[in-house]
Amino acid sequence: MRAVRFIILALTLILSAKVVIAQSGEVNQTSYIDGLNFVGAAFTVEIPDGFSIRPSLPSTSQDGKFDSVIFDRADGQVSFYIYSPEFSGWPQDIMMNPSEESILSETGDESGGYVHTWWTIQSLSGDHLRTYHSRSHLNGGEVVIIGFERSANVPIDDFRDDYIRFKSSFSRLSPAVN
């Protein structure tokens, strides 16, 4: 009985430490940076020039890795986002806050075995917009969300080329389990 209590206490301490590390962002950068690329749990993407890295959701399947990442432009006016867990899920880090934001537009379709959804969220104050494309496999499994957030006064043409390069550099590292 004493051994079981010790094991439970040890596991609780280990899990608590992982949560604190993940929340504080104090993870060794070498675990997710490979040259000019950010390496998540199930994806890799090129780090955009002039953007800082903000790992977001810790991986649910791999210690020290992340299921999502945000890249912030140096002026703070534009951010790029990727969510691509090893398995299915939904990103809690971009959930809309109805008291501060509303859906400006949403559209979707099915093609190639995937459900595609595009949506734009606008702050109620009108000072920023977030736009995302979600691709999820019809059988469950693979989910990929790529998008950007921008100040309302920043035209898309200001970062379009960087965003296209960013999106095209994305690659899944492992096949989804369906």
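Here's what I pulled together on the structure shown here. Because the structure is a prediction, the values reported are computed rather than measured. (Residues numbered from 1 in each chain as written. Predicted model: local features only at pLDDT ≥ 70, side-chain atom pairs only at ≥ 80, totals over all residues. Heavy atoms only, no water.)

Further remarks concern helix H2 (residues 160-169). Those residues of H2 lying buried are Tyr163, Phe166 and Ser169. Buried residues in H2, looked at end-on, bunch into an arc of 130°, giving them a common side. Of the exposed residues in H2, the ones pointing more than 90 degrees away from its buried face are Asp161 and Ser168. In this structure, the buried side of H2 is in contact with strand S3 (43-46), strand S5 (68-73), strand S6 (78-83), strand S10 (143-151) and strand S11 (171-172). (Buried < 20%, exposed > 50% of the residue type's maximum accessible area, 1.4 Å probe, protein only. Helix = DSSP H or I, 4+ residues; strand = E, 2+ residues; numbered from the N terminus. Arc of directions from axis to C-beta. Contact = heavy atoms within 4.5 Å.)

One open sheet accounts for seven strands, arranged S4-S5-S6-S10-S9-S8-S7; its pairing is antiparallel. Looking along the sheet, the strands with just one partner apiece sit at the ends: strand S4 (51-55) and strand S7 (101-111). On average, adjacent strands in this sheet sit at an angle of 15° to one another, irrespective of strand direction. (Pairing = 2+ DSSP bridges. Axes fitted to C-alpha atoms, helices over the stretch in contact; angles between N-to-C directions.)

Now for the layout of surface pockets. Where empty space is left becomes clear once a probe the size of a water molecule has been rolled over the atoms. Quantified by volume, the second largest pocket comes out at close to 170 Å³. In terms of lining residues, the second largest pocket is bounded by 15 residues, among which Ile70, Asp93, Ile94, Tyr132 and Glu149 are the most central. Mapped onto the lining of the second largest pocket, the elements with two or more residues apiece are S5, S6, strand S9 (128-137) and S10. Examining the composition of the lining of the second largest pocket, we find that three residues originate from one element, S10, more than from any other. Taken together, the residues of the lining of the second largest pocket sort by class into six nonpolar, three polar and six charged. (1 Å grid on protein atoms, 1.4 Å probe; cavity = no way out; pocket = protein on both sides within 12 Å on 5 of 7 lines; lining within 4 Å. Points joined across faces, edges and corners; volume = space filled by probe spheres on them. Nonpolar A, V, L, I, M, F, W, Y, C, P; charged D, E, K, R; others polar.)

Further remarks concern the packing of aromatic side chains. This model, assessed by the stated rule, comprises 14 aromatic pairs. Judged by centre distance (5.0 Å) and plane angle (75°), the ring pair of Phe148 and Tyr163 falls under edge-to-face. Of this pair, Phe148 sits in strand S10 while Tyr163 is found in helix H2, placing the two residues 15 residues apart along the sequence. Residues Phe148 and Tyr163 agree in their burial class; the two are buried. Three or more aromatic residues link up through ring pairs in this structure, and these residues are Phe38, Phe43, Phe51, Phe71, Phe80, Phe148, Phe159, Tyr163, Phe166 and Phe170. It is Arg135 that lies over the ring of Tyr114; its NZ or CZ is 4.9 Å from the centre. (Phe/Tyr/Trp six-rings, centres within 6.5 Å; stacked < 30°, edge-to-face > 60°. Lys NZ or Arg CZ within 6 Å of the ring centre and 35° of its normal.)

Any functional reading would require information that these geometric values do not contain.
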